[in-house]
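Working through the structure, step by step
These are the residues of each chain, in order.
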2 protein chains.
Amino acid sequence: MPRPRSALLSVELIVNAALKLVDETGDFSFPRIARELGVSQSSLYNRIESREHIIELLRAQLFEEIPPQPVADQSWQDAARMLIRSYRDRFAQHPKLVPLLVTQTVHAPVVMGMYEDLALTLERSGLPTEDIGPAIASIDYFALGAALDATAPDEVWDPSPEQFPALRRATACSGTSAERVARAFNFGLDVLVAGIEMRAKQEIY
Amino acid sequence: MPRPRSALLSVELIVNAALKLVDETGDFSFPRIARELGVSQSSLYNRIESREHIIELLRAQLFEEIPPQPVADQSWQDAARMLIRSYRDRFAQHPKLVPLLVTQTVHAPVVMGMYEDLALTLERSGLPTEDIGPAIASIDYFALGAALDATAPDEVWDPSPEQFPALRRATACSGTSAERVARAFNFGLDVLVAGIEMRAKQEIY
DNA sequence: ACCTGAACACCGTTCAAGT
DNA sequence: ACCTGAACACCGTTCAAGT
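These numbers were taken from a predicted model, which means no experiment stands behind them.

**Focus: the relation of the copies chain B and chain A**
- Expressed as a screw transformation, the operator carrying chain B onto chain A has a rotation angle of 180° and an axial translation of 0.0 Å, and the superposed copies differ by an RMSD of 0.0 Å. Such a combination of rotation and displacement between the chain copies is what one expects of a two-fold axis.
- Comparing interface residues between copies, 100% of those in chain B also sit at the interface in chain A, which points to an isologous, same-surface contact.

Here is the structure:
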């Protein structure tokens, strides 16, 4: 008797169903994945270990969808800008996934690859070795925060002008929420790269 | 017949119980708050509207525990550094609360007060008006990311040296997790302020 | 080896009922 | 006005039982 041609389930099917649910509803659950795949809830545990495991697989998925681009033949500034941008773009692909990712430590080796590229790039900047780690972390903080903000619902951020005049001036003509986030990201990216450049030149101590 | 001397419940009691549970376990729930206060779960809904409402009250609590310090009699650089630091310190007070806060939009007016101070400070830097919003957002991203990282469990971040040599060099002697985060925060803070200073001087475009 | 059904210990929220 | 108990529709995870 031949063994069954195809199993009902696979890690890939589970991850895809989870991602689809996240994109559509902002979250996933075992019951809903099982329903989506026409399978019982408990059978999922034959392929994956836990909810956290699924989240880790989703993170890896984010880095496998868009292959990393070679970056060695540019100035370190342009290379850094490119890496940070592509990091952000991965999150932008599935914005609703971001909140699920930020509270969990990274295990996926694919993600490490990007950190490695960033480390290599920052070494070219002339930044002292002990500053490379902090620089990577700072960039990570910034990109994560920006990704989280992009997730937030469009809210008319109108903070009672009479109480907060400077804030009103600052947010007066800031356009749509997406434009606001994009401008903030571009600004922060320039400022970070410029700041790192100064630090590398020892112009700040 | 006199009315009861004191109600069994108050918003303050609920918020304090929730914060205690978060500090101890990393989360709160209606059943556990109710048990803590010796009260039925459904009675909580007489004082608060939803789980999200409690989270918003916890955020406000974070800003009321430490009163904001006056900041007008310093250089804008020192003032900015101070504001960003105190922002981060609020999170550090209750690290396990941070993951609950980052995925929810801000409503608390207390928080707006800090943004207003930051806006006033950045105006003094000479930054063009249209850059103030992006600057505040970038700082917010950075501080939030740093706070999230401080929450993460101490993990020996040892990424198989042979695969990621630059990453290994960067993280070689980075000490404890708390030290690592502190160094990253200090580095990023300097870099951000220096970058904003350059931008204000039109030295970058 | 893989899948199912039932069970367990949790959630947030609502609502009729009591005082 | 405030509190309770019961109910509802959800969770993640385990495990004996089937094939």
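The structure having been displayed, the exposition proceeds.
**Focus on the protein's contact with DNA strand C**
- Neighbouring DNA strand C are 19 residues, the closest being A:Leu8, A:Ser40, A:Ser42, B:Phe30 and B:Arg32.
- Here, DNA strand C places atoms within 4 Å of the protein, and 59% of those atoms are sugar or phosphate.
- In this structure, a phosphate oxygen belonging to DNA strand C sits 3.5 Å away from a side-chain N or O atom of A:Ser43.
- Within the side chain of B:Arg32, an N or O atom sits 2.9 Å from a phosphate oxygen of DNA strand C.
- Of the residues forming the surface near DNA strand C, the biggest block, 3 residues, is contributed by helix H2 (residues 30–37) of chain B.
- Class assignment of the residues belonging to the surface near DNA strand C gives a composition of 8 nonpolar, 8 polar and 3 charged.

**With respect to the interface of chain B and chain A**
- Each partner contributes to the interface: chain B provides 55 residues, whereas chain A provides 55 residues.
- Here chain B meets chain A over a buried area of about 4500 Å², counting both sides, of which 74% is carbon and sulfur.
- Together, B:Glu116, B:Tyr141 and B:Phe187 form the three largest contributors to the area buried by chain B at its contact with chain A, with a combined 17%.
- At the boundary of chain B and chain A, one finds 4 salt bridges.
- Here B:Arg199 ties to A:Asp190 by a salt bridge, and the two come within 3.5 Å at their closest N and O atoms.
- There are 14 residue pairs in polar contact (both at pLDDT 80 or more) connecting chain B and chain A.
- Those elements giving two or more residues to the side of chain B that touches chain A turn out to be helix H5 (98–102), helix H6 (109–124), helix H7 (129–151), helix H8 (165–170) and helix H9 (177–200) of chain B.
- A per-element tally of the side of chain B that touches chain A places H7(B) first, with 15 residues.

**Details of the confidence of the model for chain A**
- For chain A, the average pLDDT comes to 90, and 91% of its residues sit at 70 or higher.
- Residue range residues 1–5 of chain A is modelled with pLDDT below 50. Its contacts to residues more than four positions away, or to other chains, number 0 contacts.

**Quick word on the protein's contact with DNA strand D**
- Of all residues adjacent to DNA strand D, which total 19 residues, the nearest are A:Phe30, A:Arg32, B:Leu8, B:Ser40 and B:Ser42.
- In the interface set of DNA strand D, defined as its atoms within 4 Å of the protein, sugar plus phosphate atoms amount to 58%.
- Interatomic distance of 2.7 Å between a backbone N/O atom of B:Ser40 and a phosphate oxygen of DNA strand D.
- One of the side-chain N or O atoms of B:Ser42 is found 2.4 Å from a base oxygen in DNA strand D.
- Of all the elements, helix H2 (residues 30–37) of chain A adds the most residues to the surface near DNA strand D, at 3 residues.
- Its residues assigned to classes, the surface near DNA strand D comprises 8 nonpolar, 8 polar and 3 charged.

**Details of the domain arrangement of chain A**
All names here are of chain A.
- One can read the domain layout of chain A as domain 1 (1–48) and domain 2 (69–204).
- Centre-to-centre separation of domain 1 and domain 2, based on C-alpha positions: 34 Å.
- On the side of domain 2, 4 residues touch domain 1, which itself brings 7 residues to the contact.
- Taken over both partners, the interface formed by domain 1 and domain 2 buries close to 480 Å², and the fraction arising from carbon and sulfur atoms is 64%.
- If you sort the residues of domain 1 by the area they bury against domain 2, Leu19, Val22 and Asp23 come out on top, with a joint share of 68%.
- Applying the counting criterion to the domain 1 and domain 2 interface returns 0 salt bridges.
- Of the residues assigned to the side of domain 1 that touches domain 2, the class counts are 3 nonpolar, 1 polar and 3 charged.

Reading the values: the criteria
- Residues numbered from 1 in each chain as written.
- Chains lettered and ligands numbered in written order.
- Predicted model: local features only at pLDDT ≥ 70, side-chain atom pairs only at ≥ 80, totals over all residues.
- Heavy atoms only, no water.
- Least-squares fit on C-alpha atoms with pLDDT ≥ 70 in both.
- Contact = heavy atoms within 4.5 Å.
- Near = heavy atom within 4 Å.
- Polar contact = N/O pair within 3.5 Å; in protein donor to acceptor, adjacent residues only side chain to side chain.
- Helix = DSSP H or I, 4+ residues; strand = E, 2+ residues; numbered from the N terminus.
- Nonpolar A, V, L, I, M, F, W, Y, C, P; charged D, E, K, R; others polar.
- Buried area = accessible area lost by both parts, 1.4 Å probe.
- Salt bridge = Lys/Arg side-chain N within 4 Å of Asp/Glu carboxyl O.
- pLDDT = per-residue confidence, 0-100.
- Domains from an automatic or database assignment.

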